[in-house]
Amino acid sequence: MVLKIFFPQCCNRAESGLLVGRWISGHDSAVVLAVIHYPFIPAQVKQYIQQVGAQSGVDLSVLGSWSLPKDGQEGMESFLRDLSTIFPQERWLQIRRQFGKTGFSCEVLSRDQSEQHEDEEKVIFVHYEQRKVMLSQLHPVEAQESGNGSEPHSELRQVFGTVARSQPLFVLDRYDDGPLRSTHWQSEGREASIVVELLKQASVPLGLLLGRMLSVWTWICSARVFPLRFLSSKLSTCVQLSYRTERLQTLGAPQADAHMDFMRKANVLVSVLLDVSLGVLLMSWLYRDQHIAMLASNMVPAADSVAQQLEELLQWLMGAPAGLKMNRALDQVLGRFFLYHIHLWISYIHLMAPFIQGILWYGGLSACLGLTFALSLLSDMVALFTFHIYCFYVYGARLYCLKIYGLSSLWRLFRGKKWNVLRQRVDSCSYDLDQLFIGTLLFTILLFLLPTTALYYLVFTLLRLVVVLFQGVLHLSVDFINSFPLFAMALRICQPYRLAEGVKFRVLCEEPGTALHLLMEINPLKCSSVVQTYRTPTYSCYPRDSWAALVKKLFIGELIYPWRHKTTKSD
């Protein structure tokens, strides 16, 4: 059976000493974590390994000895071999590096040392970069690695988990003035920062304070007042405010050690910081060079232009649009009705004209909360300024839907059937002559009035869809900023080894008289997988309707609402 030894690259030129690591359970392999240098006292080595094992939760042990030829240490190899009696193991690894060779040779000693055999051909050294393996996370993330502490079954996952949990072992360095000195990845220079540790300690009380403040705000917003609850569920700005409150509550939750919890908090924090930064840039542009005054002065002429174009469209519909023969009486009634609403809307716009600049000035301050708040406010303003188009669409849709349902009901009457409301099905029914006569008259009237109604419904539905499309682009932009895992993507670009999809091996050294040496390299996670795995759940912009359901609603005249639904959540 092949024995695999995972050996850190930083220990290739370490001084002679003891190999500290762990045997992988269920697999014929071992992970070397550090080399404790000679001179040392065996009792202190045992005590140190027990302390580190208790802190890290890893079953550490002395795997064997490491010998590097050096002048004045000719008897070092035999001395280290004799230490197998002090540190009893099922197998004792005697690894040595020879002069003039890149590879290592390995002897495996049994526990009683009655048999000593060279097993060089059956030993494979897998060299790994300790720091990258310690900081990386294998994907997909299993449930065991999310906090329940059970041991993963995969050999590779056990190797990564062992190195990641052995951080207390890496505190001791070969440059320390103490009874024990060791070599590991931190030997080339420590990266621990006092400032980072202080920030970690300070984040706990700040998170608790933030959680208290947000809980009070959530209690205030959850007051059961019908108009406020209705508006908060329909206005995009209120929905974004509730979403931001929920995200900040996630940041204020107690610190979790699980990888997914940490990544979710980091993504939320970076997303909020980026959102606020973009909002501040937008606010600085709005309040510079009188941009708000320019926007306010152009809004009323733009509204007049839209109203004029709508009047021309209605005049065209009241004539013979595209040469179609419309019902003259119904055409005139509908045209004058919609023209009256346009005049009311223009009067309302001119009445609000003196206050538009103030509304924009105070509304622009919402950008300091983030670009998403500014986009949500813009969506609400678009809905407010296109309210007349929405009214036209509702009137036309209700009238068209009434005629469609009337025609379908009268069509069932001709076939001797009716709709059973209780059982929700079509049943047979017998009608008398008077009912059939009245039904024929009503069917004829509705059928001949349908083209005029359908034309108005089609025109105003197209206008409504343009507004809904614009609002949908704004909502999708907001959801993209809220949900995009920016921190995870930055890790993937700057430090690809942090998010690992797997590993690959290449032959590092294959010399006669030495074991096979492989180099383990980390395969980074694909960018699409990063987005799919770490995307923050957000509230969807629209109800989840398929294209077929949308076409059906448009055909039968059901209303299409662009409002967000807080109960609809997308991952």
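Just so it is clear, the model here is predicted, and its values are computed rather than measured.

Q: Would you mind showing me how to read the overall build of the protein here?
A: Counting its secondary structure elements, the protein contains 16 helices and 16 strands. By residue count, 42% of the 571 residues in the protein fall in the buried class. Excluding contacts between residues fewer than 6 apart, the proportion of contacts in the protein whose partners are at least 24 apart in sequence is 71%. Summed over all atoms, the accessible surface of the protein reaches about 31,500 Å², with 63% contributed by carbon and sulfur.

Q: Sorry, what's going on with helix α12 (residues 387–414) here?
A: Quick reminder: α-helices carry 3.6 residues per turn. Residues three or four places apart thus point the same way. Relative to the 40 Å expected for 28 residues at 1.5 Å per residue, α12 spans 41 Å between its end C-alpha atoms, a close match to the ideal helical length. Immediately beyond the C-terminal end of α12, within one or two residues, lies Gly416, with a positive phi of roughly 70 degrees.

Q: Help me understand the packing of aromatic side chains, please; the structure alone is not making it clear to me.
A: Any aromatic ring pair is given by two values, namely how distant the centres are and how the planes are angled relative to each other. By the definition in use, this model includes 21 aromatic pairs. Ring geometry for Phe7 versus Phe104: centroids 5.3 Å apart, planes at 65 degrees, classification edge-to-face. One end of the pair, Phe7, is in strand β1 (residues 3–8); the other, Phe104, is in strand β6 (residues 104–110), with 97 residues separating them in the sequence. The same class applies to Phe7 and to Phe104, which are both buried. Aromatic side chains Phe337 and Phe338 sit 5.6 Å apart centroid to centroid with 65 degrees between the ring planes, which places their arrangement in the edge-to-face category. Residue Phe338 is classed as buried on the basis of its relative accessible area of 2%. The structure contains a cluster of three or more aromatic residues connected by ring pairs, namely Phe337, Phe338, Phe392, Tyr395, Tyr456 and Phe460. Its guanidinium or amino end placed over the ring of Phe87, Lys46 lies 5.6 Å from that ring's centre, counting from NZ or CZ.

Q: Looking at this structure, how should I read the pattern of salt bridges?
A: A pair can form between side chains of opposite charge whenever their charged atoms are brought close. Following the criterion strictly, the structure yields 10 salt bridges and no others. Residues Glu107 and Arg96 are paired through a salt bridge, measuring 3.0 Å at the closest nitrogen-oxygen approach. You can see Glu107 sitting in strand β6 and its partner Arg96 sitting in strand β5 (residues 91–97), a full 11 residues away along the chain. Accessibility assignment for this pair places Glu107 and Arg96 in one class, buried. A single salt-bridge network, built from bridges that share partners, covers Lys504, Arg506 and Glu521.

Q: Which parts of the structure should I look at to understand helix α11 (residues 371–385)?
A: Taking 1.5 Å as the rise per residue, α11 with 15 residues should run 21 Å; its terminal C-alpha atoms sit 21 Å apart, in good agreement. Of all the residues in α11, the buried ones are Leu371, Thr372, Phe373, Ala374, Leu375, Ser376, Ser379, Asp380, Met381 and Val382.

Q: Would you mind going over the pairing of strand β13 (residues 499–509) with me for this structure?
A: Two faces, one strand: in a regular strand the side chains alternate between the faces of the sheet. With 2 bridges connecting them, strand β9 (residues 137–138) and β13 associate as parallel partners. Each bridged residue has a counterpart across the sheet, and for Leu138 the counterpart in β13 is Ala500.

Q: Would you mind going over the environment of Glu521 with me for this structure?
A: Secondary-structure assignment places Glu521 in strand β14 (residues 516–524). Put simply, Glu521 and Ala500 are 21 residues apart on the chain and 10.0 Å apart in space, counted from C-alpha to C-alpha. Setting aside chain neighbours within four positions, we find Glu521 in contact with Gly502, Val503, Lys504 and Arg506.

Q: In this structure, what is going on with the environment of Ile124? I would like to understand it.
A: Of note, Ile124 is situated in strand β8 (residues 123–128). Considered as a pair, Ile124 and Lys4 are 120 residues apart in the sequence and their alpha carbons are 4.9 Å apart. Apart from residues no more than four positions distant in its own chain, Ile124 is found in contact with Val2, Leu3, Lys4, Ile5, Leu516 and Leu518.

Q: I keep staring at the packing of helix α8 (residues 259–286) against helix α14 (residues 486–494) and nothing clicks. Help me out?
A: For any two helices packed against each other, one specifies the crossing angle of their axes together with the interaxial distance. Taken N-terminus to C-terminus, the directions of α8 and α14 make an angle of 105 degrees; their axes are 7 Å apart at the nearest point. One finds that α8 runs roughly perpendicular with respect to α14. For the pair α8 and α14, contact is made by Phe262, Met263, Ala266, Asn267, Val270 and Leu274 and by Leu486, Phe487, Ala488 and Leu491, respectively.

Q: Help me understand the packing of helix α9 (residues 291–317) against helix α10 (residues 328–364) in this model?
A: Where α9 meets α10, the axes come as close as 9 Å, and the angle between the chain directions of the two elements is 180 degrees. Comparing their axes, α10 and α9 come out roughly antiparallel. The class makeup of the residues in the contact of α9 with α10 is 20 nonpolar, 5 polar and 3 charged.

Cut-off values and rules
- Residues numbered from 1 in each chain as written.
- Predicted model: local features only at pLDDT ≥ 70, side-chain atom pairs only at ≥ 80, totals over all residues.
- Heavy atoms only, no water.
- Helix = DSSP H or I, 4+ residues; strand = E, 2+ residues; numbered from the N terminus.
- Buried < 20%, exposed > 50% of the residue type's maximum accessible area, 1.4 Å probe, protein only.
- Contact = heavy atoms within 4.5 Å.
- Areas by Shrake-Rupley, 256 points an atom, 1.4 Å probe, with all protein chains shown as cover.
- Expected span 1.5 Å × (residues − 1).
- Phe/Tyr/Trp six-rings, centres within 6.5 Å; stacked < 30°, edge-to-face > 60°.
- Lys NZ or Arg CZ within 6 Å of the ring centre and 35° of its normal.
- Salt bridge = Lys/Arg side-chain N within 4 Å of Asp/Glu carboxyl O.
- Pairing = 2+ DSSP bridges.
- Axes fitted to C-alpha atoms, helices over the stretch in contact; angles between N-to-C directions.
- Parallel < 35°, antiparallel > 145°, perpendicular 65-115°, else oblique.
- Nonpolar A, V, L, I, M, F, W, Y, C, P; charged D, E, K, R; others polar.

Interpretation in functional terms is not warranted from these geometric data alone.
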